[in-house]
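Residues per chain are reported as follows:
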There are 2 protein chains.
Amino acid sequence: MVGAGQLARMTQQAAIALGVELRVLANTHDESAARVITDTRLGDYRDLAVLREFAQGCDAITFDHEHVPTGHVEALAADGFAVHPGAAALVHAQDKAVMRERLTAIGAPCPAWARVSSADDLEAFGKEHGWPVVLKAVRGGYDGRGVWVCRSEDDAAEVLASGTELLAEAFVPFERELAVLVARSPHGQGVSYPVVETVQQDGICVEVIAPAPGLDPEQAASAQHIALKIANELGVTGLLAVEMFQLPGGQVVVNELAMRPHNSGHWTIEGARTSQFEQHLRAVLDLPLGSPAPAAPVVVMANILGGDDPDIFSRYEHVMAHDPGVKIHFYGKEVRPGRKIGHVTALGTDVEEVRARARHAAVHLATGEYV
Amino acid sequence: MVGAGQLARMTQQAAIALGVELRVLANTHDESAARVITDTRLGDYRDLAVLREFAQGCDAITFDHEHVPTGHVEALAADGFAVHPGAAALVHAQDKAVMRERLTAIGAPCPAWARVSSADDLEAFGKEHGWPVVLKAVRGGYDGRGVWVCRSEDDAAEVLASGTELLAEAFVPFERELAVLVARSPHGQGVSYPVVETVQQDGICVEVIAPAPGLDPEQAASAQHIALKIANELGVTGLLAVEMFQLPGGQVVVNELAMRPHNSGHWTIEGARTSQFEQHLRAVLDLPLGSPAPAAPVVVMANILGGDDPDIFSRYEHVMAHDPGVKIHFYGKEVRPGRKIGHVTALGTDVEEVRARARHAAVHLATGEYV
């Protein structure tokens, strides 16, 4: 696995059970996954020679993030390495314009969109689709970075002037955000997890509710069908997370794609029969996929975002004592304000009760507040 | 954690989630846990100097096995290290005569027993309690080793002549075997997991059914009470597994004690809200204990015992495809006939169906047979 963040760290838990020997490419031995993986190699993933050396002896190569240059991914495959997802699929998670073109071509629901490179382009787009307009960096954005909601051309002036390659999308007046996580293996098997609701704050996911409360079963099936179709049409191998907006009428439009274990799937560690991390390993190794069946009627995951006080130990004790059933996950990362340093998962039957438990634990761990 | 077998390996999965940095003392870097723990130190646990060096900087010291000499455990505590369980408790899992004396003193149900060192002692014991008589090595036995069921003095001649320190116990005509896993923390909090049934073959546990089918709730509560009482009276810190025989009338007698994560608790990884490995870490670190509540109505764990053919990959694929819901755990150990190389866990609602699923997976992985 190229990259040694928390996704690789949690993949190691699954690898231990499966008897899979996981190697990671890290920047330093202090990184989240490097702390818990014996076969950690250090090097820069932007350097093809480093990637080639790293890949030697691996049965499959996969990724903890989407930043490996597409050309390097192609080169590794040309060398004969089994790279999952491959470059032809991965580019859709790296380049939002390529993603929009392809989704439009296969009939997946998208907001109106266009490449824009000038104030004139933007003015024309705003005229046709109305304001606000969402500008997105074609490459490199994540967790709300690289996304600008512009109410007018003035709002966009600075971004347009920066020279960043941009995409304009019509603002979607969504009711809530959903996500569908699917897995697809090289031999073509696919599975979909239940549709979840994701709750964002300042562009960062703070909470995931599985399954999405009150979602009509037909709409849920339709959302899963869209995600599986995207995985199939794009030739995704491994996991694909499809972030969606749900409109007031119930229909969905696709917002973003990720091709790796995803924050919207952390609930599966305890909440599904097969965790997304195990599923990703099974998929990239072309093993039969595991059951995505939920393990409880309601599962809520809440992210722990670093607060101002890095000394979390007494809060850790409080949360354990307060709720012996809540599951705590720390990523071995230094506490910095706003940084995802861990998550908690609560399981039960009543949505509001389970949400309150997860929120209490995550907020208290982060800040010491009682909510 | 002193020792780097599969118990330490599975403890690492829990440590990763809790953000606990786990260090192990291993014999080689090839051992089960050493393969997945970056902070692996090599050394001989029988050497006190090695243990002292190993313990430097650890918040707590605990064990993957019970073979560390009691005196060394005492010495580490005298140095000021937090050792859990402590020597005064651990000795009861190391010395079966000390265990029987203590359990008898606190009123825990035991078979008739006596220390024996000669044919005369044994003859007297057999006369009083009848044959067969079970001879046990006072120290060092496990997985059926160090236990001899003798139908007559002749059967016992060789063992008696060997000079092994021995205990005689009346043969218990049990109906089945049960186990109760409890945890106790230094500040005195205790929890008990549901009582399970363990199924042995040739003295080796092959299957664990949680909860024990058809067990009367009062008898279950009584068995849990016995285990918690033993943990409390002996001052156990960490996990205590109490293996019991259930007699035809329903009452139980204590067979063996273990003070560490135990094979009878592997089902808790997916089958309980808190796995035994997480629970052990919480207990030895004096953190609040986690909920032992079951995560499914029926959970069955079956051990994978190495067969004659070490090439298990195609069988691994079969089992994954055959039953996408079964959970596979491999220990990263070389396959040798009869060796515990992993386990599988199945969850569901119908005992016989779940047992059949677990058995199919474990037997097929081991031998390629379809059962």
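Note that the structure is predicted; figures quoted are calculated from it, not measured.

Participant: Where do I start with the overall build of chain A in this structure?
Facilitator: A count of helices and strands for chain A gives 12 helices and 15 strands. Compactness check: chain A gives a C-alpha radius of gyration of 20 Å against a globular reference of 21 Å for 371 residues, within 12% of the reference. Across its three principal directions, the C-alpha atoms of chain A cover 55 × 50 × 40 Å. In chain A, buried positions account for 50% of the 371 residues. Excluding contacts between residues fewer than 6 apart, the proportion of contacts in chain A whose partners are at least 24 apart in sequence is 61%.

Participant: Before we go on, may I ask you to explain the interface of chain B and chain A in this structure?
Facilitator: A common way to express how large an interface is: the accessible area buried when the components associate. Taken together, the 29 residues of chain B in the interface contact 30 residues of chain A. The element contributing the most residues to the side of chain B that touches chain A is helix α1 (residues 6-18) of chain B, with 6 residues. Here the residues of the side of chain B that touches chain A are counted per class, giving 15 nonpolar, 10 polar and 4 charged.

Participant: Whenever I open this one, the relation of the copies chain B and chain A confuses me. Can you help?
Facilitator: Here two copies of a chain appear, and what relates them is a rotation about an axis with a shift along it. The two copies are related by a screw motion: chain B maps onto chain A through a turn of 180° and a shift of 0.0 Å along the axis, at an RMSD of 0.0 Å. Such a combination of rotation and displacement between the chain copies is what one expects of a two-fold axis. Residue by residue, 100% of the interface of chain B is reproduced at the interface of chain A, so both copies engage with the same surface.

Participant: Just to check I follow, could you spell out the packing of α1 of chain B against helix α10 (residues 276-284) of chain B for this structure?
Facilitator: Residues and elements named next belong to chain B. Between α1 and α10, the least distance of the axes is 8 Å, while the angle of their chain directions is 65°. Our pair here, α1 against α10, has a crossing hand that is right-handed. Contacts between α1 and α10 pair Met10, Thr11, Gln13, Ala14, Ala15 and Leu18 from the former with Phe277, Glu278, His280 and Leu281 from the latter. Class assignment for the residues of the contact of α1 with α10 results in 6 nonpolar, 3 polar and 1 charged.

Participant: How should I be thinking about the sheet that holds strand β5 (residues 147-150) of chain B in this particular structure?
Facilitator: Neighbouring strands of a sheet are bound in pairs by backbone hydrogen bonds; such pairs are parallel or else antiparallel. All names here are of chain B. One open sheet holds the 4 strands; their spatial order is β3-β6-β4-β5, and the pairing between them is antiparallel. Each of the sheet's edge strands pairs with one partner strand only, and the pair in question is β3 (113-116) and β5. Geometrically, the sheet is characterised by an average inter-axis angle of 25° between neighbouring strands, direction not taken into account. Lying over the sheet, helix α5 (residues 96-106) contacts β3, β4 (133-137) and β6 (166-170), oriented at roughly 45° with respect to β6. Across the sheet, helix α7 (residues 153-161) lies against β4, β5 and β6, angled at about 150° from β5, the strand it touches most.

Participant: Even after reading the chapter, I still don't get unusual backbone geometry, so can you show me in this structure?
Facilitator: Negative phi is the rule for most residues except glycine; trans is the rule for most peptide bonds. All names here are of chain B. Residue Pro85 is bonded to the preceding His84 through a cis peptide linkage, with omega at -5°. For the bond running from Trp131 to Pro132, omega is -5°, close enough to zero to count as cis. Tracing the backbone shows Pro132 in the loop between α6 (119-129) and β4. Positive phi values are uncommon outside glycine, yet Asp202 reaches one of about 55°. For Asp202, the location among the structural elements is in the loop between β9 (196-201) and β10 (204-210). C-beta crowding within 10 Å serves as the criterion here: with 9 such atoms nearby, Asp202 is assigned to the exposed category. Phi angles above zero are rare outside glycine, and Asp286 is one such case at about 55°.

Participant: It is not clear to me how the nonpolar core should be interpreted in this structure. Could you clarify?
Facilitator: Side chains of a nonpolar character, in soluble globular proteins, are inclined to be buried together. Core analysis: the largest hydrophobic core is formed by 206 residues, its most contacted members being Leu240 and Val242 of chain A together with Leu240 and Val242 of chain B. Excluding its chain neighbours within four sequence positions, the residues that come into contact with Leu240 of chain B are Val182, Arg184, Ala227, Ile230, Ala231, Leu257 and Met259 of chain B.

Participant: Explain helix α3 (residues 70-78) of chain A here, please?
Facilitator: Side chains that are three or four residues apart share a direction in an α-helix, a result of its 3.6 residues per turn. All names here are of chain A. Taken residue by residue, α3 has His72, Val73 and Leu76 as its buried positions. Viewed along the axis of α3, the buried residues span an arc of 100°, placing them on a single side of the element. Projecting away from the buried face of α3 at angles above 90 degrees are the exposed residues Gly71 and Ala78. Along its buried surface, α3 packs onto α2 (48-55) and α4 (87-94). In the segment just after α3, Gly80 is the residue with positive phi, at about 105°.

Participant: What am I meant to see in the confidence of the model for chain A here?
Facilitator: A low pLDDT means the predicted coordinates there should not be read in detail. When pLDDT is averaged along chain A, the result is 96, and 99% of the positions lie at 70 or above. This prediction of the complex comes with two scores: 0.97 for pTM and 0.96 for ipTM.

Participant: Looking at this structure, I do not really get the sheet that holds strand β6 (residues 166-170) of chain A. What am I missing?
Facilitator: Residue and element names in this part refer to chain A. Read from one edge of the open sheet, 4 strands run β3-β6-β4-β5, paired in antiparallel fashion. The open sheet is flanked by β3 (113-116) and β5 (147-150), the only strands paired with a single partner. Strand-to-strand twist in this sheet, taken as the mean axis angle between neighbours without regard to direction, amounts to 25°. Of the strands in this sheet, β3, β4 (133-137) and β6 are in contact with helix α6 (residues 119-129), which crosses β3 at around 165°.

About the cut-offs
- Residues numbered from 1 in each chain as written.
- Chains lettered and ligands numbered in written order.
- Predicted model: local features only at pLDDT ≥ 70, side-chain atom pairs only at ≥ 80, totals over all residues.
- Helix = DSSP H or I, 4+ residues; strand = E, 2+ residues; numbered from the N terminus.
- Rg over C-alpha atoms; globule rule 2.2 N^0.38 Å.
- Buried ≥ 20, exposed ≤ 12 C-beta atoms within 10 Å, placed from the backbone.
- Contact = placed C-beta atoms within 7 Å.
- Nonpolar A, V, L, I, M, F, W, Y, C, P; charged D, E, K, R; others polar.
- Least-squares fit on C-alpha atoms with pLDDT ≥ 70 in both.
- Axes fitted to C-alpha atoms, helices over the stretch in contact; angles between N-to-C directions.
- Left-handed = near helix turned anticlockwise from the far one by under 90°.
- Pairing = 2+ DSSP bridges.
- Core = buried A, V, L, I, M, F, W, Y, C linked by C-beta atoms within 7 Å.
- Arc of directions from axis to C-beta.
- pLDDT = per-residue confidence, 0-100.

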